[in-house]
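# Structural features, examined
Okay, here's what each chain looks like letter by letter:
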Amino acid sequence: MTDPYDLLLRGGTFVNHDGRTQRDIGIQAGRIAALGDLSGVTAVEVIDARGLHILPGVIDTQVHFREPGLEHKEDLETGSRAAVMGGVTAVFEMPNTKPLTTSAEALADKVARARRMFCDFAFYVGGTRENIGNMPALERLEGSAGIKVFMGSSTGDLLVDDELSLDRIVARIWRRAAFHAEDEARLRERMGLRRPGDPGSHLVWRDEQVALIATRRLVRLAETHGKRVHVLHVSTAEEMAFLAGHKDWASVEVTPHHLTLAAPECYERLGTYAQMNPPVRDERHRDALWAALRAGVVDVLGSDHAPHTREEKDHPYPDSHSGMTGVQTLVPIMLDHVNAGRLTLERFVDLTSHGPRRLFGIRGKGQIAVGYDADLTVVDLKRRQTISNAWIKSRCGWSPYDGITVQGWPVGTIVRGRRVMWEGEITGPAHGEPIRFLEAG
Ligand code: DOR
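Calculation criteria
Residues numbered from 1 in each chain as written. Predicted model: local features only at pLDDT ≥ 70, side-chain atom pairs only at ≥ 80, totals over all residues. Heavy atoms only, no water. Pairing = 2+ DSSP bridges. Helix = DSSP H or I, 4+ residues; strand = E, 2+ residues; numbered from the N terminus. Contact = heavy atoms within 4.5 Å. Axes fitted to C-alpha atoms, helices over the stretch in contact; angles between N-to-C directions. Near = heavy atom within 4 Å. Polar contact = N/O pair within 3.5 Å; in protein donor to acceptor, adjacent residues only side chain to side chain. Areas by Shrake-Rupley, 256 points an atom, 1.4 Å probe, with all protein chains shown as cover. 1 Å grid on protein atoms, 1.4 Å probe; cavity = no way out; pocket = protein on both sides within 12 Å on 5 of 7 lines; lining within 4 Å. Sits in = over half its atoms within 2 Å of the grid points. Nonpolar A, V, L, I, M, F, W, Y, C, P; charged D, E, K, R; others polar. Points joined across faces, edges and corners; volume = space filled by probe spheres on them. Buried < 20%, exposed > 50% of the residue type's maximum accessible area, 1.4 Å probe, protein only. Core = buried A, V, L, I, M, F, W, Y, C linked by side-chain atoms within 4.5 Å. Salt bridge = Lys/Arg side-chain N within 4 Å of Asp/Glu carboxyl O. Phe/Tyr/Trp six-rings, centres within 6.5 Å; stacked < 30°, edge-to-face > 60°. Lys NZ or Arg CZ within 6 Å of the ring centre and 35° of its normal.

## Re the sheet that holds strand E13 (residues 229–231)
Spatial ordering of the open sheet is given by E8-E9-E10-E11-E12-E13-E14-E15, a layout of eight strands whose pairing is parallel. Two strands in the sheet have a free side with no partner beyond their single neighbour: strand E8 (58–63) and strand E15 (300–301). Against the sheet, helix H7 (residues 208–225) makes contact with strand E12 (177–180), E13 and strand E14 (250–254), and its axis sits at roughly 165 degrees relative to E13, the strand it touches most.

So this is what it looks like as structure tokens:
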């Protein structure tokens, strides 16, 4: 007799929209085939999940994996190794590569390269003045996560800051589009506030108003055109207060970095290694991000994994590059916050699985249900472990959390029914596939 299931997880506590329950999960042909008491049922492979929590696969909706063109920092394979080592089963990757991902050809090239990835993937297409005419076609292509626009300069050459072009982009988008909301004009005016050698002045330069002006402008355009926008890495109390009143148009992302680190301590301790755009700010802002997360204003967590080599980070400020690794530490850092009582495990699942599915219309992922892809993040909530640079799989080999001990650890990563990571070892095949969306194709 053949086994009914390819893989069976027995005795784990799984966390879903309907709460926490102890049920077995039967997986067949990459999908969840049964949930419930499956004692007595056989399978090709059985995992004893007693004592572990099983979450719907964590979807990280903001990573930079740097391929093509910047592979000295990261590539799609190394980035995906970092993802699955940290319990992440799918990523949305950013377009500021070389060449930029701004055309159907560049997107198709990334999708072809991405077959080497250990997790599933989608790629944002950079919105530019030149490709406005190709929207919404660019949003519908296989592997497209939709449009991403930089309203303020960051790493790379993508920038759209003039009113006419922004207005035309928002008018033409069809799916929810993602925005880096920092105001370019104010950034240029304030360049002189950067103090050489002092990364702590990064947040003086890129202040609250830089972020708030751009976010207000974006939401006004979205409201005018009746479109949905996604505000990436929201970092200020002022933006959260404003966004709370505009949820019909704008969805909200926060990063674990902005929830965990705070100025001035992080700049004193980590120097340029804490430098990112928008900057990590002081405790007033960090507290406001947590309050917004608890109040339901925040929709998703994105790591904004933005690897740079140590050499690039070691340049004296302001020549040091902006960005920190994060895809591998998203789960352990946030589980530590769960254990500290700052959010519930259910809210974590909402932010990393249900939220991405709801906002972006992801097909077949984002919850544990029969018929869905068997993407699972298996965690040990009790385990205490120290994050170390040696554990980091990103090519750049460092984390701002090196030496930090957390409670709560990703034990296993299952992508469409196959174990790709278990107990700190990459075990699985690199069988990444494009994420499918309701509004694409
Ligand atoms: O700090 C950042 N680094 N912010 C961004 O918006 C881009 C990112 C990168 O690509 O390095």
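The discussion continues.
## Description of the site of the ligand
With respect to spatial proximity, 13 residues lie near the ligand, and among them Arg66, Asn96, Thr155, Asn277 and Ser322 are the closest. For the ligand, an oxygen atom lies 2.8 Å from a polar atom in the side chain of Asn96. Contact with the protein chains hides 100% of the accessible area of the ligand, taken as 290 Å² for the molecule alone. With respect to the detected pockets, the ligand is housed in the largest cavity. A per-class count over the shell around the ligand returns three nonpolar, nine polar and one charged.

## A word on empty space enclosed by the protein
Over the atoms, a rolling probe the size of a water molecule traces out where space has been left empty. Applying the stated criterion across every chain, the model contains three cavities of 30 Å³ or more. Estimated volume of the largest cavity: approximately 130 Å³. Class assignment of the residues belonging to the lining of the largest cavity gives a composition of four nonpolar, eleven polar and three charged.

## Notes on unusual backbone geometry
Peptide bonds are, in most cases, trans, and in most cases residues other than glycine have a negative phi. In this structure, the amide linkage connecting Ala263 to the following residue, Pro264, adopts the cis form with an omega of 0 degrees. Mapped onto the secondary structure, Pro264 falls in the loop between helix H9 (256–260) and helix H10 (265–270). Residue Pro278 follows Asn277 across a cis peptide bond; omega there is -10 degrees. With respect to the element layout, Pro278 can be found in the loop between H10 and helix H11 (283–294). Although it is not a glycine, Arg66 sits at a positive phi angle of roughly 70 degrees. Along the chain, Arg66 falls in the loop between E8 and helix H1 (76–85). When its relative accessible area of 2% is taken as the criterion, Arg66 is described as buried. With phi around 50 degrees, Asp304 is a residue other than glycine that occupies positive phi space. Structurally, Asp304 is set in the loop between E15 and helix H12 (310–314). On the basis of relative accessible area, Asp304 is assigned to the buried category, the value being 5%.

## Observations concerning the nonpolar core
Looking at soluble globular proteins, one finds that nonpolar side chains tend to be buried together. Counting residues in hydrophobic clusters, the biggest one holds 93 residues, and the most contacted among them are Val91, Met117, Phe179, Met240 and Phe348. Sequence-distant contacts of Phe348, that is, excluding residues within four places in its chain, are made with Leu55, Val58, Leu301, Leu330, Val331, Met334, Leu335, Val338 and Leu343. Core analysis: the next-biggest nonpolar cluster, separate from the first, contains 17 residues, Leu9, Ile25, Ile368 and Val411 among them.

## A closer look at the environment of His246
Tracing the chain through its elements places His246 in the loop between helix H8 (237–243) and E14. For His246, a relative accessible area of 18% puts it in the buried group. Separated by 24 residues in the primary sequence, His246 and Ala222 have C-alpha atoms spaced 9.9 Å apart. Apart from the residues lying within four places of it in its own chain, the contact partners of His246 are Val219 and Glu223.

## So, the pattern of salt bridges
A complete count under the given rule lists 39 salt bridges for this structure. The residue Arg286 makes a salt bridge to Glu283 at a minimum N-O spacing of 3.9 Å. Note that Arg286 and Glu283 are positioned in helix H11 at a spacing of three residues, about one turn of the helix. For Glu283, a relative accessible area of 47% gives the class partly exposed. Between Lys365 and Asp373 there is a salt bridge, with the nearest N and O atoms lying 2.9 Å from each other. We note that Lys365, like Asp373, is buried. Members of the salt-bridge network, linked through shared partners, are Arg31, Asp120, Lys365, Asp373, Asp375, Arg416 and Glu433.

## Focus: the packing of aromatic side chains
Counted under the stated rule, the structure contains six aromatic pairs. Consider the rings of Phe92 and Phe437, whose centres lie 5.7 Å apart with planes at 75 degrees: the pair is edge-to-face. Note that Phe92 is positioned in strand E9 (residues 88–93) and Phe437 in the segment after strand E19 (425–426), a separation of 345 residues in sequence. There is no split in this pair, since Phe92 and Phe437 are both buried. Seen from their ring centres, Trp391 and Trp409 are 4.6 Å apart, and the 40 degrees between their planes marks the pair as tilted. Of this pair, Trp391 sits in the loop between strand E16 (376–386) and strand E17 (405–415) while Trp409 sits in strand E17, placing them 18 residues apart in sequence. Residue Trp391 shares its accessibility class with Trp409, and that shared class is buried. Ring pairing ties together the aromatic residues Phe92, Tyr124, Phe360 and Phe437, which thus form one cluster. The positively charged end of Arg206 is found above the aromatic ring belonging to Trp205, 4.7 Å away from the centroid.

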